[in-house]
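Structural overview
Given next are the chains, with one letter for each unit.
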Amino acid sequence: CDWSSDVCSSDLEVVYPQLQDGFRNQRIDFAIGPVPPNGLGSEFRVEPLFEVDGVIAVARNHPKAGARSLAALRAEPWIIMGPAQGPGAVVGQLFEGYGIEPPPCKVTLDTVWSAIEMISRTGFVGWVPRPIAESALDRIRVVKIREALPPLKIGLITRVDTQLATAARALM
């Protein structure tokens, strides 16, 4: 940042509850990211922007890389990105939507890129946004299951009681 200017932009990769804390501490003016299934609470406004398709990813040599159903992956160790009440909820929703008990998630990571690395080097299974998975096909394999995966809803998040600065509005 140029501290002599009255505009400072920082690009942060955070998940809940750090995102909410950043808003409350006035370190974040707005965020673009996944919208938790139960929302963020009445103090936040979410404007839907788009949806991101996801895929199930495993290491290239994972023994279940050829699985064709969620049930075949249920007993595998799973990772999630963000808390189960936030972005990580997509895994539970996926299984529950097909009447399958969600797998226990053994690891929670804060970033998609750390998930890609963990998946590529271990026996973990994870839900990954399709565009990111496609950029990492040299390290991971997409499991082509027959069940449709729910998209992740991405929104513009702001506090209800905050008036955005001119610079923040210009970025949006």
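These figures come from a predicted structure and were not determined experimentally. (Residues numbered from 1 in each chain as written. Predicted model: local features only at pLDDT ≥ 70, side-chain atom pairs only at ≥ 80, totals over all residues. Heavy atoms only, no water.)

Focus: helix 2 (residues 89-97)
Taken together, the buried positions of helix 2 are occupied by Ala 89, Val 90, Val 91, Gly 92, Leu 94 and Phe 95. Contact partners of the buried residues in helix 2: strand 3 (54-59), strand 4 (78-81), strand 5 (105-109) and strand 6 (125-129). Taken from the residues just after helix 2, Gly 99 is the one with a positive phi, measuring 70°. (Buried < 20%, exposed > 50% of the residue type's maximum accessible area, 1.4 Å probe, protein only. Helix = DSSP H or I, 4+ residues; strand = E, 2+ residues; numbered from the N terminus. Contact = heavy atoms within 4.5 Å.)

Regarding the side chain of Glu 76
When you line up the elements, Glu 76 lands in the loop between strand 3 and strand 4. Notably, Glu 76 is buried but unbridged: the nearest opposite-charge side chain belongs to Lys 64, and the N-O separation is 4.5 Å. Residues within four places of Glu 76 in sequence aside, it is in contact with His 62, Lys 64, Pro 103, Gly 123 and Val 125. (Lys, Arg positive; Asp, Glu negative; His and termini not counted. Salt bridge = Lys/Arg side-chain N within 4 Å of Asp/Glu carboxyl O.)

Brief notes about the sheet that holds strand 1 (residues 31-34)
Pairing is antiparallel across the open sheet formed by three strands, whose spatial order is 1-8-2. Among the strands making up the open sheet, the edge pair consists of strand 1 and strand 2 (44-52). Each strand axis lies, on average, 30° off the axis of its neighbour in the sheet, ignoring direction. One ladder, built from eight bridges, connects strand 2 with strand 8 (residues 152-159); its direction is antiparallel. Among the inter-strand pairings, Phe 50 is bridged to a residue of strand 8, identified as Ile 154. (Pairing = 2+ DSSP bridges. Axes fitted to C-alpha atoms, helices over the stretch in contact; angles between N-to-C directions.)

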